[in-house]
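Topology and contacts: notes
Below, each chain spelled out in residue letters.
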Amino acid sequence: ITSSGAPAVEGVTIAVDPSVIPIGSRVYIEGLGYFVAQDTGSAIKGKRIDVFMNDLEEALQFGVKKGVRVAIVD
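Numbers given to residues run from 1 along each chain, matching the order in which its sequence is written. This being a predicted model, a pLDDT of at least 70 is required before a residue's local features are given, and a value of 80 or more before pairs of side-chain atoms are given or counted; all residues contribute to the totals for chains, interfaces and linings. Side-chain measures were taken over the full set of non-hydrogen atoms in the model, leaving aside hydrogen atoms and water.

Next up on the list: the nonpolar core. Here, the term nonpolar core denotes a set of buried Ala, Val, Leu, Ile, Met, Phe, Trp, Tyr and Cys residues that are joined through side-chain atoms within 4.5 Å. Working definition: with a 1.4 Å probe on protein chains only, accessible area under 20% of the residue-type maximum means buried, over 50% means exposed, and in between means partly exposed. Core analysis: the largest hydrophobic core is formed by 8 residues, namely Ile14, Val16, Ile21, Val27, Ile29, Phe35, Ala37 and Val51. For the purposes of this entry, the term helix denotes a DSSP run of H or I that reaches at least four residues, the term strand denotes a run of E that reaches at least two, and both are numbered from the N terminus. The set of elements that each furnish at least two residues to this core consists of β2 (26-29) and β3 (33-39). Contacts: residue pairs with any heavy atoms within 4.5 Å of one another. Ignoring anything within four residues of it in the chain, the contact list for phenylalanine 35 reads Gly11, Val12, Thr13, Ile14, Ser25, Arg26, Val27, Ile29 and Val51.

In structure tokens form, the structure reads like this:
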């Protein structure tokens with residue numbers, strides 16, 4: 001369960017800093033598509049986003065991306 005109360009869903013949920021991207025915002029991430037800001041995290045400060053993935057191994061292979069464009073859609 002995310003901080004917004006919604007269940008975390010792969011391909012939908014991202015964690016954000018709500019002072020940068022408000023919870024509930026629809027966000028477009030370059031190369032990945034559309035997501036919803038549904039969660040926060042202690043390491044998610046400023047211009048960082050955490051993309052939820054069900055599988056730890058998949059997340060580790062995805063790794064950390066830098067310089068990716070992000071736009072708030074609504």
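The topology assignment puts threonine 13 in strand β1 (residues 13-15). Owing to a relative accessible area of 2%, threonine 13 belongs among the buried residues under this scheme. Between N or O atoms, a polar contact is any pair within 3.5 Å; within protein, one atom must be a potential hydrogen donor and the other a potential acceptor, and residues adjacent in sequence are included only when both atoms are from side chains. Within polar-contact distance, the side chain of threonine 13 engages the backbone nitrogen of valine 9 at 2.9 Å. Sequence-distant contacts of threonine 13, defined by excluding residues within four places in its chain, comprise Thr2, Pro7, Ala8, Phe35, Val36, Gln38, Asp50, Val51 and Phe52.

Quick look at the environment of glycine 11 now. Mapped onto the secondary structure, glycine 11 falls in the segment before β1. The class of glycine 11 is partly exposed, set by a relative accessible area of 42%. As for glycine 11 and tyrosine 28, which are separated by 17 residues in sequence, their C-alpha atoms are 12 Å apart. Here glycine 11 is in contact with Tyr34, Phe35 and Phe52, once residues within four sequence places are set aside.

Moving on to the packing of aromatic side chains. Stacked, tilted and edge-to-face are the three classes assigned to paired rings of Phe, Tyr and Trp, where Trp is represented by its six-membered ring and a pair needs centres within 6.5 Å; plane angles under 30 degrees give stacked, over 60 edge-to-face, the rest tilted. Taken as a whole, this structure holds 1 aromatic pair when the rule is applied. For the pair tyrosine 28 and tyrosine 34, a centre-to-centre distance of 4.9 Å together with 55° between the ring planes defines the contact as tilted. Tyrosine 34 sits in the partly exposed class, given a relative accessible area of 45%. The criterion for a charge sitting over a ring is simple: Lys NZ or Arg CZ within 6 Å of the ring centre, and within 35 degrees of the ring normal. Across from the ring centre of tyrosine 34, 4.2 Å away, lies the NZ or CZ of arginine 26, which sits over that ring. It is lysine 65 that lies over the ring of phenylalanine 62; its NZ or CZ is 4.5 Å from the centre.

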